[in-house]
Protein chains: 2
Amino acid sequence: MRSEPIAAPVNDRFLRALRREPTDTTPVWIMRQAGRYLPEYRATRARAGSFLTLAQTPELACEVTLQPLARFDLDAAILFSDILTVPDAMGLGLHFADGEGPKFRRPVRNAADIAALGVPDPETELRYVMDAVRLIRRELAGRVPLIGFAGSPWTLACYMVEGEGSRDFARVKAMAWNEPALLHRLLDVVARAVAIYLAAQAAAGAQALMIFDTWGGLLAPAMFETFSRRYLAQIAATLQADPIARDLPLILFAKGVNGAGQLEALADTGCAALGLDWTITLGAARARVGDRVALQGNIDPAVLQASPAVIAAEVEAALVDFGAHPGHVFNLGHGVTPDVDPERVKTLVDAVHAAGRRIRGG
Amino acid sequence: MRSEPIAAPVNDRFLRALRREPTDTTPVWIMRQAGRYLPEYRATRARAGSFLTLAQTPELACEVTLQPLARFDLDAAILFSDILTVPDAMGLGLHFADGEGPKFRRPVRNAADIAALGVPDPETELRYVMDAVRLIRRELAGRVPLIGFAGSPWTLACYMVEGEGSRDFARVKAMAWNEPALLHRLLDVVARAVAIYLAAQAAAGAQALMIFDTWGGLLAPAMFETFSRRYLAQIAATLQADPIARDLPLILFAKGVNGAGQLEALADTGCAALGLDWTITLGAARARVGDRVALQGNIDPAVLQASPAVIAAEVEAALVDFGAHPGHVFNLGHGVTPDVDPERVKTLVDAVHAAGRRIRGG
C-alpha cells in the first residue's frame, strides 16, 4: 500500500519534540492553519464551489494543505479534511447547508440504525483521503512532516446521533444514560473504523496522527472515562499493533478535559502527546503528566486579535511556563478563526521560533 | 429601605446548608427553574408579549418566580430577572431580537464609551427589580428563601463590549490584551454597580445572593484571575461592608472554572458557597476547598432527558460523592433547558430529598 520510499523530513523538529528529544527551537503548527483566514484558501474554495468538493478532491485538498507553508515557517503540515469523513463513508450523508455547520441526512437513532453501520474500507470508500495524503506527502518533498487525523468516537457519535452540531448534545447523552449498551455498540464500530482509517493514513504516508475529541469536555468525568477515553485507548492499542502506524506518534486532543486524573488517564493510553486548550497552563499540565508524553498547545486563539507585541509576549510566557525540557509542540488551544489577519499568524510562528531558540539555546 | 419585618423562612434548609450547618436532607433548587420548560411560564410570557416586559413588570416577574414552587418541592426561589439589567440601566439599550439572544444597541468600545458609564441607582433606574424582590418576598410569605442575583463584571463586560453573545468573545479579549487599563476601568465601574445592585436586592428582601460568571471559563487561568476573580473579590468585600448584605450568604458560580488553584482562590473571596458545573465531581471539589465554603451543584442538565430511574441514580451518585458533611445545595451544573418535561424536574427534586434523607439521616 505504501508508495515508494520518501526521505525523512528535512525539518524533523516536530517529530523529535513528539518523541521528547531535544530540538534547536520549539516546533509550531496551528490548528486550522489551512483555512478561511487565508485569502488564497478562500480563492481555492470559491473555485471548488463547496467545502465538500474542496475536501474530497485530492488536488484541491493538497493545494490548501500547502498554502500556509508557503507563507509561514511552520514545522508540520496537516491533511486538509473534515472530522466527519468516517461517518459519511458509513452512509450517513454528510452535507453543509449554506452558512451552517455539518449535518447528516441519515442520523443514527436506534439499534437498527447502528446494526446497519459497517467499517469503511479506507482505500475504496475513503480513497479521496488516501489519495490526498499520498499527493500531499509527495508535494511536501520532505520539507516538514505530514499529520493525519480523525475525529474521536465520542465526538463522531455526537454528530451521528444528533444529526448536526448542538449546544448540549442532549440526544446522544440521553442515549448514554438510557441505552448505554446501544451507545457502546455505536462507539465500538466507530472506534474500529477510526483505527483502520488512521492506520491507512499512516500507510499512505502520514508521519504523525492526531485524534480530535472536540466534545469530550461536555461530559462529566465518569462519563468521559466510559464513553470517550476508553475508545481513545482502544484506538491507540489498535494502532500500536499496526506494523506501520506503531511507529507514528499519536496526539490526543480532548478539548476542555483537564480534570483531576483525566490528563493522567489520557497519557496512559500509550499516546505520544496530549493536545491542550488554554484553560490549563502548560506548566500545570506538565507537572501532572511529567515525562510520560509530549504536550501540544495551548494559547487562546483570540490572542491573534492582539497586537504583535502582545502576541510575542503571550508566546514567550507559554514557552517559559513549559520550560526547557524536551517535548513541547507549540499550537493554539483551538483552531485559528476566519477573522484573523494572516500577518498575526506570521508574528506568532516567528515568535515561537525566536523564543524557543532563546529558551532551548538552539 | 427595607420593608416591614417578615418572618424567617419556614423552610431554611437552603440557608442552613449555605452556612454549612446540618440539615435533615439536601436542599435543592434548579437554575432557570422559572423558565420555558413550564407551560404556565410560556402562558405568562405570551401574555406579557416579550421577555423584557415579563422581566420588567414586577407582578409578572413575581408570578413566574413562584410558578415552579407550586409544582415542585423546591427549597429556594430565585428572582426572575436577566443578568444584563445593570448594563441596560447604564444606558446600553438591552433588547432581544426574535429567537435570538440579548443584544445591546450601544456597546462600549472605547475610552469615551467607558468614561460615560455611571453606577445606576437601584431604587430609581432598577426600581422594577427592587419592586419585584419586595413583591416576591411578600408573596413567598416565608415558605422558602429568595435568592437575588447579578452577572459578574467579566461576563457583563463580554456582552457590553461585543454588543451581543459570541462564540469566543474575541473583541473583549482583544481589549484585555491591547488596552488592559481600559478594560479594568470598565470592570471597576461594573463591579461597583453590581455590588450596589446586590446590596439593594438584600435591602429589598433577598435572603441569599448569587453572581453568575457565565463566561469565566473562556479565560486562561491568569486572565481569569486578573479580569474576573479580582472583581468578584471586590464585590464580595463591598457586600461584607454592607450592614444588610453582610448577613446574606454569597454564592459565586464561575462556569467552567475548575483549574488548579482556581476553586481555592474563588473560595478565598469570602463567599459562602461556590457553584459548580458538571465537569468536576463534588467529591473532587470538596477535597480541594474543604470546609471553607459550601458547594452548590452539579449534575449535567442533560440528565433531565434520561429516564426517572437514571435521574434518581445520578442524583444519588452526586449526593454520595459529596458525602454526609454539611454544606451541599443540590442544583444542576447549568440551567434547565426548554425541551425538558416538567415531570422529570419533579423526579429530580424528589430524588434529591429522598437520597438526602438517607445520607443525612433526616
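S.K.: Please explain the overall build of chain A as it appears in this structure.
M.R.: Helices and strands together make up the secondary structure of chain A, namely 16 helices and 9 strands. Whereas a compact globule of 362 residues would reach a radius of gyration of roughly 21 Å, chain A reaches 19 Å, a difference of no more than 12%. In terms of overall dimensions, chain A has C-alpha extents of about 60 × 45 × 40 Å along its principal axes. Within the span of chain A, comprising 362 residues, buried residues form 60% of the whole. At a minimum sequence separation of 6, the contacts of chain A that also span at least 24 residues come to 73%. Of the roughly 12,900 Å² of accessible surface on chain A, 52% is carried by carbon and sulfur atoms. Within chain A, one finds 37 positive and 40 negative side-chain charges whose respective centroids are separated by 1 Å.

S.K.: Is there a simple way to think about the side chain of Arg134(A) in this case?
M.R.: All names here are of chain A. Mapped onto the elements of the fold, arginine 134 is located in helix H8 (residues 127–140). On the basis of relative accessibility, which here comes to 17%, the residue arginine 134 falls in the buried class. Within the local environment of arginine 134, its side chain forms a polar contact with the side chain of glutamate 123, the two groups lying 2.9 Å apart.

S.K.: Would you explain the side chain of Thr65(B) in this entry?
M.R.: Residue and element names in this part refer to chain B. Checked against the element boundaries, threonine 65 lands in helix H4 (residues 58–71). For threonine 65, a relative accessible area of 0% corresponds to the buried category. Contacts of threonine 65, omitting those with residues within four sequence positions, involve Ala34, Ala77, Ile78, Leu79, Phe80 and Ile136.

S.K.: Teacher, can you tell me more about the sheet that holds strand E4 (residues 146–151) of chain B here?
M.R.: Pairing between the strands of a sheet is mediated by backbone hydrogen bonds and can be parallel or antiparallel. Residue and element names in this part refer to chain B. In space, the 7 strands of this open sheet follow the order E1-E4-E5-E6-E7-E8-E9, with parallel pairing throughout. Sheet topology places strand E1 (77–78) and strand E9 (328–332) at the edges, where each strand pairs with a single neighbour. Bridge analysis of strand E8 (residues 294–299) against E9 gives 5 bridges, and the strand direction is parallel. Counterpart to leucine 295 in the pairing with E9 is histidine 328.

S.K.: Got a minute to help me understand the sheet that holds strand E6 (residues 250–254) of chain A in this structure?
M.R.: Residues and elements named next belong to chain A. If you walk across this open sheet you meet the 7 strands as E1-E4-E5-E6-E7-E8-E9, and the pairing is parallel. The two strands at the open ends of the sheet, each matched to only one other strand, are strand E1 (77–78) and strand E9 (328–332). As paired strands, strand E7 (residues 273–275) and strand E8 (residues 294–299) are joined by 3 bridges and run parallel to one another. Looking at E8, one finds that glycine 275 is bridged to glutamine 296. Set on the sheet, helix H12 (residues 221–240) makes contact with strand E5 (208–213) and E6; between it and E5 the angle comes to about 170°. Contacts from helix H15 (residues 308–322) reach E8 and E9 within the one sheet, and its direction differs from that of E9 by about 145°.

S.K.: Where do I start with the relation of the copies chain A and chain B in this structure?
M.R.: Two copies of a chain can be linked by a rotation about an axis combined with a shift along that same axis. Taken as rigid bodies, chain A and chain B are interconverted by a rotation of 180° and an axial shift of 0.0 Å, the fit giving an RMSD of 0.0 Å. Those values place the two copies in the arrangement expected of a two-fold rotation axis. Within chain A, Gly259(A) has its C-alpha nearest the rotation axis, a separation of 3.8 Å. A share of 100% of interface residues in chain A that are also interface residues in chain B marks the association as one of identical surfaces.

S.K.: I keep staring at a positive patch on the surface and nothing clicks. Help me out?
M.R.: Positive charge collects at one region of the surface, where Arg167(A), Arg32(B), Arg36(B) and Arg45(B) lie side by side. The residue Arg167(A) is located in the loop between helix H9 (153–162) and helix H10 (170–178) in this model. Owing to a relative accessible area of 75%, Arg167(A) belongs among the exposed residues under this scheme.

S.K.: Explain the packing of aromatic side chains here, please?
M.R.: Remark: the centre distance and the inter-plane angle together describe each pair of aromatic rings, the angle taken between the planes. Going through the model one piece at a time under the given rule, you end up with 14 aromatic pairs over all chains. Centre to centre, the rings of Phe212(B) and Phe253(B) are 6.3 Å apart; their planes meet at 80°, and the pair counts as edge-to-face. Of the two residues, Phe212(B) sits in strand E5 (residues 208–213) while Phe253(B) sits in strand E6 (residues 250–254), which places them 41 residues apart along the sequence. With a relative accessible area of 3%, Phe253(B) lands in the buried category. Among the aromatic residues, ring-to-ring pairing joins Tyr41(A), Phe51(A), Phe80(A) and Phe96(A) into one connected group. The aromatic ring of Phe322(A) is capped on one face by Arg286(A), whose charged end is 5.7 Å from the ring centroid.

What counts and how
- Residues numbered from 1 in each chain as written.
- Chains lettered and ligands numbered in written order.
- Predicted model: local features only at pLDDT ≥ 70, side-chain atom pairs only at ≥ 80, totals over all residues.
- Heavy atoms only, no water.
- Helix = DSSP H or I, 4+ residues; strand = E, 2+ residues; numbered from the N terminus.
- Rg over C-alpha atoms; globule rule 2.2 N^0.38 Å.
- Buried < 20%, exposed > 50% of the residue type's maximum accessible area, 1.4 Å probe, protein only.
- Contact = heavy atoms within 4.5 Å.
- Areas by Shrake-Rupley, 256 points an atom, 1.4 Å probe, with all protein chains shown as cover.
- Lys, Arg positive; Asp, Glu negative; His and termini not counted.
- Charge placed at Lys NZ, Arg CZ, Asp CG, Glu CD.
- Polar contact = N/O pair within 3.5 Å; in protein donor to acceptor, adjacent residues only side chain to side chain.
- Pairing = 2+ DSSP bridges.
- Axes fitted to C-alpha atoms, helices over the stretch in contact; angles between N-to-C directions.
- Least-squares fit on C-alpha atoms with pLDDT ≥ 70 in both.
- Patch = residues over 30% accessible without salt bridge, like charges linked within 9 Å, V, L, I, M, F, W, Y side chains within 5 Å.
- Salt bridge = Lys/Arg side-chain N within 4 Å of Asp/Glu carboxyl O.
- Phe/Tyr/Trp six-rings, centres within 6.5 Å; stacked < 30°, edge-to-face > 60°.
- Lys NZ or Arg CZ within 6 Å of the ring centre and 35° of its normal.

Structural measurements only, silent on function.
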